Amino acid sequence: MASTPVLPSKPAAAPGQKPGATLPSCFCSVQGISSAPGRAALSSLFLARANPPVSRVAVARPEPLKTPILLLKYSGTQRQEYKMEGNIVTVFAKFRSEGKATIRLRDPSLDITISKADPEILTAFLDTLFLVHTKPADITFLPSLASVVFSSSTAKIQSAAKRKITAEESSEVPRELAPHVDDVTLCSLGLVRVPACVQTQAALTRLDLHDNRLTAFPDLSRLHALASLDLSGNQLEVLPPAMCPPSLRRLLLANNRLRALPGGMVLPRLETLDLSDNRLTVLPAWMGSLANLRELRVARNALTYLPGSFFVRTQRFTRLDLAGNPFSLTTAPRSPWSGLGPLPLVELCYRAAIRGGLASSDLPDDMAAALARSSACGVCAGPCVDCYLILVRTRPLSLITDEYSIARVPVLVRVCSTRCHKLF
């Protein structure tokens, strides 16, 4: 061994303890990123004795049968066994305070590298490993291989249960959360606000708050790992863009009171969006440019047309539900520019700034505000801000999706010039 570890003052905790059972003091395990040549994965390492052989010889005083001590490595559903006694070349434990160590074996000749482990548990594990290497006869209370197999299978179930919080009554709403909790369900509890501990839970990946009484969208901007958010069945009227984390992949806002959506929301990973049963009259152009959006539901709103950005997508929708909207060609807004004569100088400046890629921080406040409402021409994809022509034409939904509820819809397109108007 590279160094002589100090024996642990208290036993290491087992990740999968059987309910009601007391584990031996020498039972030890460690979880972390374990790697062998060419592979690295989230693994669990155990020290245990192999199942003792059954003696068929009757003796007056049976002696305990010696069974080898094994190092068990679990990676997903795969298990590997390595003999420990006399098989350890050295252990590199200089950085165990950082949760890192390397165990070098003689047969087979390989290094098992551990990282991102709990330093205290790793230290206890290495201390017991040192005893196995030097005094295997003193390790009499290590569990059998069968008990470790049970421990490994139940560890995943217990670990998953600890990471998920579900409240079925108002009295069960948590006031604080453990750092590893990543799934919270608080449904049908009459909540008027989201608990503060939920809004600051950095590990959260799924949050379900459907069928409550929320009137204000919660500030979730600090939940950088949040992938699924369900706020359907509440009383939301406004969707603040800065409060939605860009990590979202699934956003459910059905059955609220939303009348409009903000411009410029940054949701690059969004795959599923449900806005059914709201009061929306217009969909913003940025929605059609979400590259990963595959499923969009906006049924039973007040839409009269779709933005042209929906028909310049490079990816098709897998599902597009537009049923129950009063689509019409007669409700399109008027064009803010007649198309007669040259463009105003200020519009030319706006477009030059966009083409030049100037940052908003480098521009006057009024100009930065104007560029925030810019859109792309539906023909040439060039920028336009305050001067553009509005055209409305019907388009078949079969151009952008394989599954749809109506065949054709009015599409509103902004064009930047009379030339693009003729091309359209």
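Up top you'll find the structure we're talking about.
Quick notes on the rules
- All residue numbers refer to positions counted from 1 along the written sequence of the respective chain.
- For this predicted model, a pLDDT threshold of at least 70 governs which residues receive local features, and a threshold of 80 or more governs which side-chain atom pairs are given and counted, while totals over whole chains, interfaces and linings are taken from all residues.
- Only hydrogens and water are removed before side-chain values are computed, so all heavy atoms of the structure are retained for them.
- We call a set of buried residues a nonpolar core when its members are Ala, Val, Leu, Ile, Met, Phe, Trp, Tyr or Cys and they connect through side-chain atoms within 4.5 Å of each other.
- Only protein chains enter the accessibility calculation, which uses a 1.4 Å probe; a residue whose area is less than 20% of its type maximum is buried, one above 50% is exposed, and one in between is partly exposed.
- Secondary structure elements are defined from DSSP: runs of H or I of at least 4 residues count as helices, runs of E of at least 2 residues count as strands, and each element is numbered from the N terminus.
- Two residues qualify as a contact provided that any one of their heavy atoms is within 4.5 Å of a heavy atom in the partner residue.
- Throughout, the arc means that of the directions going from the helix axis to the C-beta atoms.
- Identification of polar contacts relies on pairs of N or O atoms within 3.5 Å, with a donor-acceptor requirement for protein atoms, meaning one able to donate a hydrogen and the other able to accept it, and with residues adjacent in sequence counted only if both atoms are side-chain atoms.
- Each reported salt bridge corresponds to a side-chain nitrogen of Lys or Arg within 4 Å of a carboxyl oxygen of Asp or Glu.
- At least two bridges found by DSSP between two strands is the condition for calling them paired.

**Quick notes on the nonpolar core**
Counting residues in hydrophobic clusters, the biggest one holds 68 residues, and the most contacted among them are Val198, Leu207, Leu229, Leu253, Leu275, Met287 and Leu296. Among the secondary structure elements, those contributing two or more residues to this core are β9 (183–186), α3 (196–199), α4 (285–288), β19 (389–396) and β20 (408–415). Those residues in contact with Val198 that sit more than four places away from it in its chain are Leu177, Val184, Leu186, Leu204, Leu207 and Leu223. One finds Ile69, Met84, Leu105 and Leu126 within the second-largest nonpolar core, a separate group that totals 21 residues.

**Looking at helix α5 (residues 345–355)**
The set of residues buried in α5 consists of Glu347, Tyr350, Arg351 and Ala353. Within α5, the buried residues cover an arc of 160 degrees as seen down the axis, which keeps them to one side. Among the exposed residues of α5, those pointing more than 90 degrees away from its buried face are Leu345 and Arg355. For α5, the elements touching its buried residues are α6 (365–372) and β18 (383–384). Taken from the residues just after α5, Gly357 is the one with a positive phi, measuring 70 degrees.

**Focus: the side chain of Asn256**
Here Asn256 is to be found in the loop between β12 (250–252) and β13 (272–274). According to the relative accessible area criterion, Asn256 is buried, its value standing at 6%. In terms of polar contacts, Asn256 uses its side chain to reach the backbone amide nitrogen of Leu236, at 3.0 Å. A polar atom in the side chain of Asn256 sits 3.1 Å from the backbone oxygen of Leu253. Excluding anything up to four places from it in sequence, Asn256 contacts Leu231, Ser232, Gly233, Asn234, Gln235, Leu236, Asp277 and Asn278.

**Things to note about the pattern of salt bridges**
Throughout the structure, instances matching the rule amount to 9 salt bridges. Among the ionic pairs, Asp182 bridges to Arg163, the shortest N-O distance being 3.6 Å. In this pair, Asp182 is assigned in the loop between β8 (164–167) and β9 and Arg163 in helix α2 (residues 145–163), connecting sequence segments 19 residues apart. Taking relative accessible area as the criterion, Arg163 reaches 33% and is therefore assigned partly exposed.

**A closer look at the sheet that holds strand β15 (residues 306–307)**
An order of β15-β20-β19 is seen for the 3 strands of this open sheet, with the pairing classed as mixed. Each of the sheet's edge strands pairs with one partner strand only, and the pair in question is β15 and β19. Strand direction decides the pairing type here: β15 and β20, joined by 2 bridges, are parallel. Of the residues in β20, the one forming a bridge with Leu306 is Val411.

So far we have only geometry, and geometry alone does not tell us how the molecule works.
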